[in-house]
Amino acid sequence: MKTSLAIPVQKTTKSKLPETDFSTLVFGKTISDHMFVADYKNGEWTDLRIEPYGALDIHPANAALHYGQSIFEGMKAYKNEKGEILIFRGDANAHRMNESAVRMCMPEIPEEIFMEGLLQLLDLDRDWVPSGKGASLYIRPYMFATDNYIGVKPSETYKFIIFTCPVGAYYSKPVNVKVETDFTRATEGGTGAAKTAGNYAASLFPALQAQRAGYDQLLWTDGKSHSKIEESGTMNVMFDINGTLITAPTNTGTILKGITRDSVVQLAKDWGMPLEERFLTVSELQEALEKGTLREAFGTGTAATIAHIAKINVNGKDYILPENKANAFSNKVLNELDGIKYGDIADTRGWIVKI
Ligand SMILES: *Cc1c(COP(=O)(O)O)cnc(C)c1O
């Protein structure tokens, strides 16, 4: 591995590896030995380092805790049969993090620092990357304000951290969703396109109401008219109506630019699948469900890649979707993406970086 940044490493004296059972991993609970940290002060990123994963010293007046200048990314690395680590589209995450940073008045992190920190961290913690189909290392880069000042203004100091979690294979069972027409996830002019903590905090209450009503998550609609489908839970969402793939465009500022979404769109284009990047209206969706022209609907995101939708509640009425077939577009796309991520299918698009 070629490295261009000299990043000092302080290794843990007590690895948690021997006591970690890779067969019972719960998503997000097991955290690898080390983390990459960089501090932003006096207008620049400094003090890049890799150190043992551990608690941070946070001041009670920490600005992020009060006003929410906090952004994150979610990505994954995989192990191939040769034991090499493959990172899927990490440059896209680095790029997106900076788009979030701009919206939240936070400093951009040079892609070189993001990628080098990540590569060197994964190289050190490579034994934490699980092997086996479906298993992966979930990577959480994030940045937050560190000024100890409770005036409302952009912080002058920040911390950027990357830590990782081994995650086991998980089959995501088809989900039941409900079209949400009261609460709003994002609205034009808001922060919906930024991967920022507050968006998640604001979605918890409506999501909990849906769960109490027996649904796994919400199908969010636009904040103005609640007539257009935007996303599903914390995933982008796609519909196959009569063989045409329909998914929301990403130019309104209300849709998170999912990297899984983009990958599925690229594959659909390469395969000649008819594709429309436009908003599907709630009434169009209901009509397709009534007529039986909705072949499938699924969420796309890093955690599950594809989450099939089994049931949709529209205007108080439940509709059961057709049974998920092995030859459905979603399954073809899932197999192709998994093949690329685990190195079984040649990467012709420059999506993989190997360590
Ligand atoms: C992270 C996220 C997604 C999915 O993005 P991926 O890059 O595919 O993981 C979709 N919607 C929201 C709101 C998100 O936060």
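Now for a quick tour of the structure. (Residues numbered from 1 in each chain as written. Predicted model: local features only at pLDDT ≥ 70, side-chain atom pairs only at ≥ 80, totals over all residues. Heavy atoms only, no water.)

Some points on the environment of Ala64
- Within the secondary structure, Ala64 is located in helix 1 (residues 63–67).
- Using a relative accessible area of 14% as the deciding quantity, one classes Ala64 as buried.
- Along the backbone, Ala64 and Trp220 are 156 residues apart, and their C-alpha atoms lie at a distance of 27 Å.
- Those residues in contact with Ala64 that lie beyond four places of it in its chain are Gln69, Phe144 and Ala145. (Helix = DSSP H or I, 4+ residues; strand = E, 2+ residues; numbered from the N terminus. Buried < 20%, exposed > 50% of the residue type's maximum accessible area, 1.4 Å probe, protein only. Contact = heavy atoms within 4.5 Å.)

Examining empty space enclosed by the protein
- Scanning the entire structure with this criterion turns up 2 cavities of 30 Å³ or more.
- Quantified by volume, the largest cavity comes out at close to 90 Å³.
- Secondary structure elements with two or more residues in the lining of the largest cavity: strand 4 (75–79) and helix 5 (259–270).
- The space that makes up the second largest cavity amounts to roughly 40 Å³.
- Around the second largest cavity, the lining residues are Ile229, Glu230, Val237, Phe239, Ile246, Thr247, Ala248, Arg278 and Leu280.
- Of all the secondary-structure elements, those providing two or more residues to the lining of the second largest cavity are strand 10 (229–232), strand 11 (235–241) and strand 12 (244–247).
- When the residues that make up the lining of the second largest cavity are grouped by side-chain class, the tally is 6 nonpolar, 1 polar and 2 charged. (1 Å grid on protein atoms, 1.4 Å probe; cavity = no way out; pocket = protein on both sides within 12 Å on 5 of 7 lines; lining within 4 Å. Points joined across faces, edges and corners; volume = space filled by probe spheres on them. Nonpolar A, V, L, I, M, F, W, Y, C, P; charged D, E, K, R; others polar.)

Quick word on the packing of helix 5 against helix 7 (residues 329–341)
- The contact between helix 5 and helix 7 brings their axes to 11 Å, and the two run at 105°. By the angle between their directions, the pair helix 5 and helix 7 is classed as roughly perpendicular. Only Phe329, Val333, Glu336 and Leu337 of helix 7 make contact with helix 5, whose side of the interface consists of Ser263, Val264, Leu267 and Ala268. (Axes fitted to C-alpha atoms, helices over the stretch in contact; angles between N-to-C directions. Parallel < 35°, antiparallel > 145°, perpendicular 65-115°, else oblique.)

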